[in-house]
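# Report on the structure
What follows is the residue order along each chain.
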Amino acid sequence: MTINVTKSFLPPFEEYQEAIKGIWENTWLTNNGPLVRKLEGQLKEYLGVENLLYVGNGTIALQIAVKALELKGEIITTPFSYCATTTAILWENLKPVFVDIEPDTFNIDANLIEAAITEKTSAILATHVYGRPCDVEKIDQIAKKYNLKVIYDGAHSFGATYKGKSVLSYGDVSTCSFHATKVFHTIEGGSVVSNDKDLHTKLELYRSFGHRGDDYYSVGINAKNSEFHAAMGLCNLPKVEDIIDKRRIISEKYDALLNWEKLKRPTQSIAEFEYNYAYYPIILPSEGKLFEVTEALQKEDITPRRYFYPSLNQLPYLDFYNPCPVSESYSLRALSLPLFYDLDLNDVEKISTIINQTL
Ligand SMILES: *Cc1c(COP(=O)(O)O)cnc(C)c1O
């Protein structure tokens, strides 16, 4: 049996069938239908946030966030994330300025942000890497001091909390991805949480072509999602706590078995943080070891994933270079191990043994 880095959770077939039944009765397939609104209501309640929009995916969520905040010039961002974090900035013809990451959390190093601020800086766009929150307090302080907006790419953060609040409730805007590979998914999908009603209204306009009926306000885009996607979300949401719990058990097994003399993993020293076990990344001693471990696992039909690779400050289509030694070194050596709700603990043992032996 092939074991991939992830496997999408699927609800019982009959449950999904039941959830989409109404679509055949009302023939309402998309455009802010009853299931989309129901899912939005349940997500707001689950996350404890006031302003949330369900959108097509986590990338368009970032793009409309950058647009709605009317950002200009330069945006300070993290090099250790998925490419969508950087491309959302480039897509709006803005300049990403990369600030290196903290060696323990793998998140943007808030202590390095101020030195990267120029008079062109308009915002900070940071990722809560693997679901672990950035130093939101320090980033908030800096943003207030320099009058910058803060966007968090919270694609990994669904179900994680900090100080009793969803990690997705921090910043001016916080986005999430509900892609099939994430902890909570709606096949494709995402959300935008904003801290302000006017901003929320603006994001809503951008989601739907920039017009309401025959009133045209601005250039918009199609960032909507369908009733079928929302139905999958409605089936999966009640199962999230159980999914996270399964992921915790698997993660703790890896914790107990892997050889930490030779490996490194992200750690977070802050209290009042509850993790969602979004990923299980390890940092190998060298890129050579990463290739050796990958090969040894693949021989047993086990496929880990380089994540994140490359370091985004080294994307080949950038015409400038901001050195970020920690991120560059980590992205050469970071490997995400299989982690999903029904991964067998015997397989975790097998994977750990192969890795330890290869080291
Ligand atoms: C998955 C992911 C995205 C993109 O989300 P999609 O829903 O696939 O568009 C953006 N940023 C990060 C950090 C991600 O992991």
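Everything that follows concerns the structure shown earlier in this document.
Our subject in this report is the structure included herewith.

Of regular secondary structure, the chain possesses 11 helices and 17 strands. Viewed in the frame of its principal axes, the chain has a C-alpha envelope of about 65 × 55 × 40 Å. Going through the 359 residues of the chain one by one, you find that 54% of them count as buried. Looking at the chain alone, contacts between residues at least 24 apart form 71% of all its contacts between residues at least 6 apart.

Compared with an ideal rise of 1.5 Å per residue, which puts 14 residues at 20 Å, helix 2 (residues 34-47) spans 20 Å between its outermost C-alpha atoms and is within 8% of the ideal. Those residues of helix 2 that sit buried are Leu35, Val36, Leu39, Glu40, Leu43 and Leu47. The buried side chains of helix 2 occupy one side of the element, clustering within an arc of 140 degrees when seen end-on. Where helix 2 is buried, its residues meet helix 1 (13-26), strand 2 (51-55), strand 8 (165-166), helix 6 (197-207) and helix 7 (227-236).

Turning our eyes to something else, we now look at the site of the ligand. Taken together, the neighbourhood of the ligand is formed by 16 residues, with Thr59, Asp153, His156, Ser177 and Lys182 sitting nearest. A distance of 2.7 Å separates an oxygen atom of the ligand from a polar backbone atom of glycine 58. Measuring from an oxygen atom of the ligand, one finds a side-chain N or O atom of serine 177 at 2.7 Å. Bound to the protein, the ligand loses 92% of the 380 Å² it would expose on its own. Broken down by class, the residue content of the shell around the ligand amounts to four nonpolar, 10 polar and two charged.

Definitions and cut-offs
Residues numbered from 1 in each chain as written. Predicted model: local features only at pLDDT ≥ 70, side-chain atom pairs only at ≥ 80, totals over all residues. Heavy atoms only, no water. Helix = DSSP H or I, 4+ residues; strand = E, 2+ residues; numbered from the N terminus. Buried < 20%, exposed > 50% of the residue type's maximum accessible area, 1.4 Å probe, protein only. Contact = heavy atoms within 4.5 Å. Expected span 1.5 Å × (residues − 1). Arc of directions from axis to C-beta. Near = heavy atom within 4 Å. Polar contact = N/O pair within 3.5 Å; in protein donor to acceptor, adjacent residues only side chain to side chain. Areas by Shrake-Rupley, 256 points an atom, 1.4 Å probe, with all protein chains shown as cover. Nonpolar A, V, L, I, M, F, W, Y, C, P; charged D, E, K, R; others polar.

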